[in-house]
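Working through the structure, step by step
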Amino acid sequence: MTVFILVPGVFTGAHVWEDAAARLAAAGAEVHAVALSGLGGPRGAAGVGIDLETHIADVLAVIDSVGAVAGRESREIVLVGHDYGIHPVLGAADRRAERIARIVFLDAGMPQDGTPALAAVPDQSLREQLAECAGAGGPAGAEGADGELPPPARDEWLRWGSTAGIPDAALDRLTALAAPQPLDTLLQPLRLTGAAAAVPTTGVLCTGNGASIELVQMQVGFGDPALQALTGPRVTFFELPTGHWPMLSCPAELAEVLLRAAAGEGHRLEPADAAEPPAHLRPFLLDLPELPRERTGNVDLYLPDAEGPRPAVVFVHGGPLPAEARPTPRDWPTLMGYARYAAGQGVVGVTLDHRLHDVADYERAAADVAAAVEMVRADPRVDADRVALWFFSGGGLLTADWLGAPPAWLRCLAATYPILAPLPNWGLAGSRFHPADAVAGAGALPIVLTRVGLEVPEIAATVEEFLAAAKNCGADGANVEVVDVPNGHHGFGTLDPTDESREAVHRAMRSVLTHLTA
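Residue indices follow the written sequence of each chain, beginning from 1 at its first position. Totals for whole chains, interfaces and linings use every residue, but because this is a predicted model, local features are given only for residues with pLDDT of at least 70 and side-chain atom pairs only at 80 or more, for both listing and counting. By convention in this description, side-chain values take in all heavy atoms of the structure and omit both hydrogens and water.

**Brief notes about the confidence of the model for the protein**
- The predictor reports its confidence for every residue as pLDDT, a score running from 0 up to 100. Predicted confidence across the protein gives a mean pLDDT of 91, with 93% of residues reaching 70 or more.
- The contact criterion used throughout is that any non-hydrogen atoms of two residues lie within 4.5 Å. Taken as a whole, residues 137–145 scores under 50 in pLDDT and shows 15 contacts with residues more than four places along the chain or in a different chain.

Here is the structure:
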């Protein structure tokens, strides 16, 4: 018999698992929903004395109680950690690795040794507030009583994850039963010896919260060292088409996935093929002549064979990308290909590397792009009054700064397979990096948007949100041109070397150059 030990996330107790636990039990499993101290279990005064180690001890107590029952030593224990709950789960698994058959990451991050749960708080402004409190020697002040973080009001749960799919009554109950989170549980670093590294794992990704197998596979392809272990034979994945609390929005589907995970089922990621370059490093779909480039700092210029100051197109890569990734984006075939194409048409092609290594890095990436643009405009070979900006993938959020108040010299803004609204689990709600909000200020700025038909659904939804917002503010038709690639994937410049893809690149470039030189 499989024994499931279910560990809840922030502000929540064992009650969130009731429906899913009942379904697991009906399928013949033994189920223990953990009541963490201060969150349905024992609590001190205002969370005093409760930290991550306390919650690890709570989980260890349940693991040991399962083993203490006569005849049950051989039962397979599956630890399930939702959200914050993965931290005490990993801490306990590290100390009882020989007892654990599988660890399930339920819409949770991948904390490493020394990482506090604070690092996984999705709302970046709240994360910064809590970090400041910790640095000041205590959490008193705007966040509430000493030692505790007050639970969200009903309309504030979105700061912690998408509530998609939760019935109104369940959201009401979640709010009513929520408990203050002891702050030390978020601030104390997780300590791991590595003992649990050999335990099989399963990731259950909630697509309504912005996570998907396809997105993780893309990140693996970019070479993030922290993700390479996910391609191992004992790591599986499932998706659920719901928000961050599947135990409330789809308990039956969650129970089925957990049973399948315990049986070793699930999708396995493809490891990088040493004999073939990853998708983003394959040849660009256009056969273009080699052109010399001029490199200054983090910026490369591809200069046309033409006299006098020339207009420029600045190509901005996406992300987030690991800082260790090599080659860096300005050496990727797609960015180099677009820049060479532009230079071949008589304008200056510009590529750059910016520091978008994490979703928390958009501000410094935006500063990098702005500095690069000013450097380019100051170059005497560039017509400073005729510049276009062209963004790719996750760089799409950086368009917001330019859409909201376009400078007179910005003659066109282009975006290719972009992300145009923050994904729910990125913690950027309310930030300035929301192009679907910023487009209302774009005025007459021409926008050329290349959309792929085989886009990751979570990204495709942001493009549709942007187009709907553009239409509502009167920017449809006249200002926004959509170049469709019906059979194209995200990254089609190296993934889909078809006539359809080539024509899309040609059409988008023609449109940008027309606006740039008009």
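**Overview of the sheet that holds strand β14 (residues 410–416)**
- A sheet is described by the order of its strands in space; here eight strands give the open sequence β9-β10-β12-β11-β13-β14-β15-β16, paired in mixed fashion. Each edge of the open sheet is held by one strand with a lone partner, namely β9 (294–296) and β16 (480–489). When the angles between neighbouring strand axes are averaged without regard to direction, this sheet yields 20°.
- Pairing between strands is defined by DSSP: at least two bridges between the two strands are required. In this description a helix means any DSSP run of H or I spanning at least four residues, a strand means any run of E spanning at least two, and both kinds are numbered starting from the N terminus. Where β14 lies against strand β15 (residues 447–454), four bridges are found, and the strand directions are parallel. Paired with A415 across the strands is L449, a residue of β15.
- Each axis is a line fitted through C-alpha atoms, and for a helix only the stretch in contact is used; angles between axes span 0 to 180 degrees, taken between their N-to-C directions. Sheet strands in contact with helix α11 (residues 362–378) are β9, β10 (299–302), β11 (310–316), β12 (348–352) and β13 (382–392), and its direction is about 150° off that of β13.
- Contacts from helix α16 (residues 499–517) reach β11, β13, β14, β15 and β16 within the one sheet, and its direction differs from that of β16 by about 160°.

**A word on the packing of aromatic side chains**
- Each Phe, Tyr or Trp ring (for Trp, its six-membered ring) is paired with any other whose centre lies within 6.5 Å, and the angle between the two planes then decides the class: stacked below 30 degrees, edge-to-face above 60, tilted in between. Per the stated rule, a full pass over the model turns up 14 aromatic pairs.
- Arranged with centres 5.0 Å apart and planes meeting at 85°, the rings of F11 and W160 form a pair that is edge-to-face. Residue F11 is found in the loop between β1 (2–7) and α1 (18–26), and its partner W160 is found in the loop between β5 (148–149) and α5 (168–177); the two are separated by 149 residues along the sequence. When sorted by exposure, F11 lands in the same class as W160, which is buried.
- Look at F315 and W390: their rings are 5.4 Å apart centre to centre, the planes differ by 40°, and that puts the pair in the tilted class. Here W390 lies in strand β13 and F315 lies in strand β11, a separation of 75 residues in the sequence.
- In this structure an aromatic cluster arises from ring pairing among F284, F315, Y338, W390, F392, Y417 and F492. Exposure is judged per residue with a 1.4 Å probe applied to protein chains only, and the accessible area is read against the type maximum: over 50% gives exposed, under 20% gives buried, and values in between give partly exposed.

**Structural notes on the layout of surface pockets**
- Using only the protein atoms, space was sampled on a 1 Å grid; points where a 1.4 Å probe fits but cannot get out form cavities, open sets with protein on both sides within 12 Å along at least five of seven lines form pockets, and lining residues are those with an atom within 4 Å of a point. Grid points are joined across faces, edges and corners, and a volume is the space filled by probe spheres set on the points. Here the second largest pocket is characterised by a volume of approximately 360 Å³.
- Around the second largest pocket sit 21 residues that line it, and A421, P422, L423, P424 and A429 are the ones nearest its centre.
- The nonpolar class holds Ala, Val, Leu, Ile, Met, Phe, Trp, Tyr, Cys and Pro. Asp, Glu, Lys and Arg form the charged class, and all remaining residues, Gly among them, are polar. Looking at side-chain class alone, the lining of the second largest pocket contains nine nonpolar, eight polar and four charged residues.

**Brief notes about unusual backbone geometry**
- Omega for the peptide link from G319 to P320 comes to 0°, which places this bond in the cis form.
- Across the junction of R326 and P327, the peptide omega takes the value 0°, indicating a cis bond.
- Tracing the backbone through its elements, the reader meets P327 in the loop between β11 and α10 (333–344).
- Unlike most non-glycine residues, F11 shows phi in positive territory, near 70°.
- Classification of F11 by relative accessible area gives buried; the value is 0%.
- Even without a glycine there, the phi angle at D107 is positive, about 45°.
- Along the polypeptide, D107 turns up in the loop between β4 (100–106) and α4 (124–135).

**Regarding the sheet that holds β4**
- Strand order across the open sheet formed by six strands is β2-β1-β3-β4-β7-β8, with parallel pairing between neighbours. Only two strands of the sheet have a single partner each, and these edge strands are β2 (30–33) and β8 (235–240). Strand after strand, the sheet turns through a mean of 20° between neighbouring axes, direction not considered.
- The strands touched by helix α3 (residues 86–95) within the sheet are β1, β3 (76–82) and β4, with β4 carrying the most contacts at an inclination of about 160°.
- With respect to the sheet, helix α9 (residues 251–262) is in contact with β1, β3, β4, β7 (201–206) and β8, its orientation differing from that of β8 by roughly 170°.

**Thoughts on empty space enclosed by the protein**
- Counted according to the given criterion, the structure contains one cavity of 30 Å³ or more.
- Empty space within the largest cavity amounts to approximately 30 Å³.
- As for the largest cavity, its lining consists of T399, L413, A415, L420, I447, L449 and F466.
- The set of elements that each furnish at least two residues to the lining of the largest cavity consists of β14 and β15.

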